[in-house]
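Notes for the structure review
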Amino acid sequence: MRIDVNRFEYETRSPLAAMILGAAVLLSGCVANHYEVVMTPDGETLHRELTTWRSSTGKDGEQLTTADQSELDRLARLYDTDVPTAAEQKYRFAGSFPGATPDDVGGSGSLTVWTSRLGRTSLYIERYRGSNDLNASLRKRHDAADELVDALTVWFEEELGATDDGAAINRFLQDRFREDLKNLATWLWVARATADAGQSDDAEPQTIAGVLQFATERGYITPEDLPDIMRIRSGTDPAILLSLLRRMVAKQAGIDGASLGFLSDPNRLQESINTHLASLPAAKSYLQEADDQSKKPTDYLTSLVIRTIAPALFAGGDQVDVTLRCPVKPFRTNGSWSDEETSITWSEQIAPRGDEPHRVLPALLFAAWSEPDETFQREHFGGVILTGEPLGEYCLWRNSLNEQQAGEWDAFVQSLRPEADLTGRIGSFRFSSDPPPEASEATAAQQGRDLLLTFLAGSMVDEDE
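What counts and what doesn't
Residues numbered from 1 in each chain as written. Predicted model: local features only at pLDDT ≥ 70, side-chain atom pairs only at ≥ 80, totals over all residues. Heavy atoms only, no water. Phe/Tyr/Trp six-rings, centres within 6.5 Å; stacked < 30°, edge-to-face > 60°. Helix = DSSP H or I, 4+ residues; strand = E, 2+ residues; numbered from the N terminus. Buried < 20%, exposed > 50% of the residue type's maximum accessible area, 1.4 Å probe, protein only. Lys NZ or Arg CZ within 6 Å of the ring centre and 35° of its normal. Pairing = 2+ DSSP bridges. Contact = heavy atoms within 4.5 Å. Salt bridge = Lys/Arg side-chain N within 4 Å of Asp/Glu carboxyl O. Axes fitted to C-alpha atoms, helices over the stretch in contact; angles between N-to-C directions. Expected span 1.5 Å × (residues − 1). Polar contact = N/O pair within 3.5 Å; in protein donor to acceptor, adjacent residues only side chain to side chain. Parallel < 35°, antiparallel > 145°, perpendicular 65-115°, else oblique. Nonpolar A, V, L, I, M, F, W, Y, C, P; charged D, E, K, R; others polar.

**What to know about the packing of aromatic side chains**
- The tally for this structure, following the rule as stated, stands at 16 aromatic pairs.
- Here Trp409 and Phe412 contribute two aromatic rings whose centre-to-centre distance is 5.6 Å and whose plane-to-plane angle is 50°, an arrangement assigned as tilted. Of this pair, Trp409 and Phe412 both sit in helix α14 (residues 403–415), three residues apart, which is roughly one turn of that helix. Per residue, the accessibility class of Trp409 equals that of Phe412, and both read buried.
- Taken together, Tyr394, Trp397, Trp409, Phe412, Phe429 and Phe431 form an aromatic cluster joined through their ring pairs.
- The side chain of Lys90 reaches across the aromatic face of Trp53, ending 4.1 Å from its centre.

Structure follows, in structure tokens:
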């Protein structure tokens, strides 16, 4: 599984995270699924085309590889078709789906349309894999922190035995480090969430400053350590990392550090971990379940570090590229709009199916757009008065009316003509169920009246100009 370098950079910018992750660099090949989704809305139905293929990345670069037959069979069932013939190892499925989107790539979504005499508004929204359970996302980081501290406790006990230094380090790990590690995980969880939400430009500096202050205040680093930490991030000299770790452990445990010689040499450190954690049940389970039989207890310990403070290192998973052909420019979307292609596009990296999501927030795609009935609006208002988001607000309001109110309102709008006193007629409209005008109470018709009057006035100003 490959490392997502961009997310590695993001989640290791804090000094304490950089120190902990200094030796946790895992380089290996990766098999990934690719999905291209192209959708065309037709009323309340989405025509959906899915093209999928598989690639393998290794020392020779990225190459197409054999697709997973069980995955192809699953997609064929969803699209109610046979597995298509591959075109250059790429498979294309197509189908039409009213309302809900299929669970093809993984996730949940829908297309909802609200209609009115003045036009209609559509909302597309879809989650691609990931999870909406944010509590579980944070809890998994904390659980990994507990497992990491438990493993470190066993390691130090095996290495130092029943000595005063061993007891002092044990107290530090249980009384202080366990909760501090969870707090660090939470800080970085917040940083990941703000990045997923597209808000990292504003929130990231404060998050980094908070982690730096936390690590300094808790005595793990000092401002004088920052040059060494920068060297650790570059990965050029592991001796600097080990020296910093020895000083940190000795200071936190209140010992002179003479017993920590096994932290002075990278080879000796790895040998110590592999020897003393080989019989740890959790490490044995990890190694038994690993695809790579060459993995060792050091890999188990590294995986715990990554799961605690940087799960996004496992982000080298699947890729989904989505295109939504839209009849008009959306008034709200988190995708990229193309006037030339009249379409919205998204590109997201997602965790492989069945793996833990590497994001805090799931990959969520959305777009909202309005299509005015220009012929009707011109006939009854003398021009197009509602488009975009105002038409969206109007459609939502119109669809909130009960059957009797909807019938009265549609008949009223149908009766309007440009040559009449539009402002006066709209301003005086009331439902038969509304209280009398002298009651001065807000009525169900008020929002609809206000929307029409506001934008009717605007269209009149435009015509005068």
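From this point, the discussion proceeds with the structure in view.
**Focus: the pairing of strand β5 (residues 107–116)**
- By the bridge criterion, ten bridges tie β5 to strand β6 (residues 119–128) in an arrangement that is antiparallel. From the neighbouring strand, Trp114 faces β6, where its bridge partner is Thr121.
- Here β5 folds back onto β6, and the loop between the two strands holds two residues.

**Examining the side chain of Asp225**
- Here Asp225 is to be found in the loop between α6 (200–217) and α7 (226–234).
- We classify Asp225 as buried; its relative accessible area is 11%.
- Once you skip the residues sitting within four places of it in the chain, Asp225 turns out to touch Leu244 and Arg247.

**Let's talk about the pattern of salt bridges**
- Summed over the entire model, instances satisfying the criterion amount to 17 salt bridges.
- Residue Arg120 pairs with Glu371 through a salt bridge whose shortest N-O separation is 3.2 Å. Remark: Glu371 occurs in strand β11 (residues 363–372) and Arg120 occurs in strand β6; sequence separation between them is 251 residues.
- Overlapping salt bridges, with partners in common, bring together Asp146, Asp150, Arg178, Glu179 and Lys182 in one network.

**Brief notes about the sheet that holds β5**
- Taken together, the four strands give an open sheet; going across it, the order is β5-β6-β11-β8, and neighbouring strands pair in antiparallel fashion. With partners counted over all chains shown, the strands left at the sheet margins are β5 and β8 (332–333), one partner each.
- Together, β5, β6, β8 and β11 form the strand contacts of helix α13 (residues 388–399), whose direction differs from that of β5 by roughly 85°.

**With respect to helix α8 (residues 238–253)**
- Here α8 spans 23 Å end to end across 16 residues, near enough to the 22 Å set by a 1.5 Å rise per residue.
- Note on α8: the residue one or two positions beyond its end, Gly254, has a positive phi of about 75°.

**A look at the side chain of Thr101**
- Topologically, Thr101 is positioned in the loop between β4 (91–98) and β5.
- A polar contact is formed between the side chain of Thr101 and the side chain of Glu126, at a distance of 3.4 Å.
- The contact partners of Thr101, leaving out residues within four places of it in the chain, are Leu46, Arg48, Ser108, Gly109, Ser110, Tyr124 and Glu126.

**With respect to the packing of α13 against α14**
- Look at α13 against α14: their axes get within 10 Å of each other, and the N-to-C directions meet at 135°. Between α13 and α14, the crossing angle belongs to the class labelled oblique. Within the contact between the two elements, α13 uses Tyr394, Trp397 and Arg398 and α14 uses Ala406, Trp409, Asp410 and Val413.
- Here the contact of α13 with α14 is built from residues that sort into five nonpolar, no polar and two charged.

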